[in-house]
Amino acid sequence: MTTLIINIKQLINVRAKNELLRGNALAELPVIENAFLLIEDEVIADYGNMYELEIKVPQLPKHIIKADEQFVLPAWCDSHTHLVFAGSRENEFVDKINGLSYAEIAAKGGGILHSAQKLNDTSEDELFNLAWQRLSELSKLGTGAIEIKSGYGLSVAGELKMLRVIKKLQEKSNLVIKSTFLGAHTFPSQFKDNHQGYIDSIINEMLPVIAAEKLADYIDVFCETGFFSPEEMEAICLAGRQYGLQPKLHINQLNSIGGVQKAIELKALSVDHLETMIDKDIADLSKSNTIGTLLPTAAFFLRMPFQPARKLIDAGCAIALASDYNPGSSPSGNMNFVVALSCIQMKMLPKEAINAATVNGAFAMGVSNETGSICIGNKANLIFTKPIPSLTYLPYSFGSNLIDKVMINGEFVTN
Ligand code: NIG
Ligand code: FE
């Protein structure tokens, strides 16, 4: 089918080709005013200013959509989530209000272990249904591409169950979905004093099945004091590499323990979180090809210092924004709020935030050849705004739903 969208007030993030943006380039957001967009068979076929329409599209298709007063931008690319989980953890929300820290909650058997218990008690079908509901909510909020991690199984059966749910989501959803194996999220209690035993299980029992069933695109490790050390992360990532899994890693959420340097050495696609960055971490990251993925809603929810976005951008690091959607540290996958928060609390410019949540987000999940910008050949995954005075109004007016409709693969999301 051919669809023509006309009279677009501003067509945002139009690019001849996707390039990873760093430094000043992150603030450049190419726009066409009073634009048209042509979609053929689910992908972007052409675009331009309305005055070029007659020349570029001599024969108008039957299906024409008028987007008067609307801004059209690429759908969000959320490159870090834990969307598959069994139950919420609002009891910990109250523990935190009462003064307990994230580490204290984890130490008393809450946190990730609590989620793992619930997940292992939940059937694959039930997990799929829960995840499907969350995914359809997110697509209405403008997310068109998403990375989803395992990591609440922490047993061979549980991790495989999660990854099979993600695979089913990939098969059934028209969103772009990437899957990451995060068996190394924490040590399950039976391996509390036998870290090597659990690492052996990841390497010898989980990874071979994951590879054989093609259940993951990436491998992740929570590198943190009290969780996995940089050396343990290295052993797991090197094993993953044997199966072609590139690392995308949880780094420097609570402490700076050399994870950034080890991740760069391991050629990680991204290092994610980065709440606690020392100057050397920033300098080393800026010289690497590894993307720094900032998760401001996790810092917000846990009342932690926000990621030093300005320092990272000004040092020349490539950064992306993602939601970290999970029941413990970010029970929201709303990328509109992620973008707003990055401007409000991390002093990112609205243009930088939009680029970091689209183009660079697509790079941080390895899908920059199919989504993240208005580029010929990219999937027609689009956000249509309600009438707003300017694009800057999006993050400024945080909390309002300013999305009129969302298009995925050339079709409007309806349910
Ligand atoms: O990215 N920090 C590690 N993992 C998640 C939180 C997991 C949880 O608390 O359930 C995160 O914030
Ligand atoms: Fe996370």
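Residues numbered from 1 in each chain as written. Chains lettered and ligands numbered in written order. Predicted model: local features only at pLDDT ≥ 70, side-chain atom pairs only at ≥ 80, totals over all residues. Heavy atoms only, no water.

Participant: So what exactly am I meant to see when it comes to the site of ligand 1 here?
Facilitator: Around ligand 1, the surrounding shell holds 15 residues, and the nearest of these are Y102, Y152, H185, Q253 and S329. At a separation of 2.8 Å, an oxygen atom of ligand 1 approaches a polar side-chain atom of R89. For ligand 1, an oxygen atom lies 2.9 Å from a polar atom in the side chain of H250. Within the complex, the protein chains bury 100% of what would otherwise be the 330 Å² of accessible surface of ligand 1. When its residues are assigned to classes, the shell around ligand 1 shows four nonpolar, nine polar and two charged. (Near = heavy atom within 4 Å. Polar contact = N/O pair within 3.5 Å; in protein donor to acceptor, adjacent residues only side chain to side chain. Areas by Shrake-Rupley, 256 points an atom, 1.4 Å probe, with all protein chains shown as cover. Nonpolar A, V, L, I, M, F, W, Y, C, P; charged D, E, K, R; others polar.)

Participant: What exactly am I supposed to notice about the domain arrangement of the protein here?
Facilitator: The accessible area lost on association of the parts is a frequent measure of interface size. Domain boundaries in the protein define domain 1 (2-74 + 373-412) and domain 2 (76-363). Averaged C-alpha coordinates put domain 1 and domain 2 at centres separated by 30 Å. Contacts between the two partners involve 27 residues from domain 1 and, on the opposite side, 37 residues from domain 2. With both chains or domains summed, domain 1 and domain 2 bury close to 2500 Å², and 69% of this area falls on carbon and sulfur atoms. Counting the surface domain 1 buries against domain 2, the share from its top three residues, L20, R22 and L26, is 26%. (Domains from an automatic or database assignment. Contact = heavy atoms within 4.5 Å. Buried area = accessible area lost by both parts, 1.4 Å probe.)

Participant: Would you mind going over the pairing of strand β7 (residues 143-149) with me for this structure?
Facilitator: Regular strands place side chains that alternate from one sheet face to the opposite one. Among the seven residues of β7, seven are classified as buried, and the element is accordingly described as predominantly covered. Taken together, the three bridges between strand β6 (residues 76-78) and β7 define a ladder with parallel strand orientation. Residue pairing for β7: W76 is matched across the bridge by T143. As paired strands, β7 and strand β8 (residues 176-184) are joined by five bridges and run parallel to one another. Directly across from A145, in β8, lies its bridge partner V176. (Buried < 20%, exposed > 50% of the residue type's maximum accessible area, 1.4 Å probe, protein only. Helix = DSSP H or I, 4+ residues; strand = E, 2+ residues; numbered from the N terminus. Pairing = 2+ DSSP bridges.)

Participant: Teacher, can you tell me more about the coordination of the iron ion (ligand 2) here?
Facilitator: Where a metal carries four tetrahedral donors, each ideal angle is 109.5 degrees; where it carries six octahedral donors, the ideal angles are 90 or 180 degrees. Within the protein, the atoms that donate to the iron ion (ligand 2) are H80 (NE2), H82 (NE2), H250 (NE2) and D324 (OD), at distances of 2.1 to 2.2 Å. Each donor residue of the iron ion (ligand 2) lies on one chain, and together they are spaced H-x1-H-x167-H-x73-D. Here the residue H80 occupies a position in the loop between β6 and α2 (90-97), and D324 occupies one in the loop between β13 (319-321) and α13 (335-346), the gap between them amounting to 244 residues. Across this residue pair, the class does not change: H80 and D324 are buried. (Donors = N, O, S within 2.8 Å, 3.2 Å for Na, K, Ca; no water.)

Participant: Please clarify how the environment of K56 should be interpreted in this entry.
Facilitator: Along the polypeptide, K56 turns up in helix α1 (residues 53-56). Remark: the alpha-carbon pair of K56 and D46, spanning ten residues in sequence, is separated by 8.0 Å. In this structure, K56 is in contact with F36, D46 and Y47, ignoring residues within four places of it in sequence. Among the polar contacts made by the side chain of K56, one reaches the main-chain carbonyl oxygen of Y47 at a distance of 3.1 Å.

Participant: Mind showing me how you'd approach the pattern of salt bridges here?
Facilitator: As a working rule, side chains carrying opposite charge can pair if their charged atoms are close by. Counting across every chain of the model gives 15 salt bridges. Taking the shortest distance from any N to any O, the salt bridge between K56 and D46 comes out at 3.8 Å. You can see K56 sitting in helix α1 and its partner D46 sitting in strand β3 (residues 43-49), a full ten residues away along the chain. Overall, the relative accessible area of 36% leaves K56 in the partly exposed class. Judged by its relative accessible area of 17%, D46 is buried. (Salt bridge = Lys/Arg side-chain N within 4 Å of Asp/Glu carboxyl O.)

Participant: Quick question: what am I supposed to make of the side chain of T290 here?
Facilitator: Inspection of the secondary structure puts T290 in the loop between α10 (279-286) and β12 (291-294). The buried category is assigned to T290, whose relative accessible area is 2%. Of note is the side chain of T290, whose polar atom sits 2.8 Å from the backbone oxygen of A268. The contact partners of T290, leaving out residues within four places of it in the chain, are I264, A268, L269, S270, V271, L285 and A318.

Participant: Where do I start with a nonpolar patch on the surface in this structure?
Facilitator: The grouping of F93, V94 and I97 at the surface amounts to a nonpolar patch, some 270 Å² of accessible area in total. Mapped onto the elements, I97 comes out in helix α2. Note on I97: relative accessible area 52%, which makes it exposed. (Patch = residues over 30% accessible without salt bridge, like charges linked within 9 Å, V, L, I, M, F, W, Y side chains within 5 Å.)

Participant: Please clarify how the nonpolar core should be interpreted in this entry.
Facilitator: When a protein is soluble and globular, its nonpolar side chains tend to lie buried together. The biggest cluster of nonpolar side chains holds 102 residues, and the ones touching the most others in it are L169 and M348. Two domains share this core, each providing at least three of its residues, namely domain 1 (2-74 + 373-412) and domain 2 (76-363). Setting aside its immediate chain neighbours within four residues, L169 contacts L83, V84, F128, A131, W132, L135, I148 and I177. (Core = buried A, V, L, I, M, F, W, Y, C linked by side-chain atoms within 4.5 Å.)

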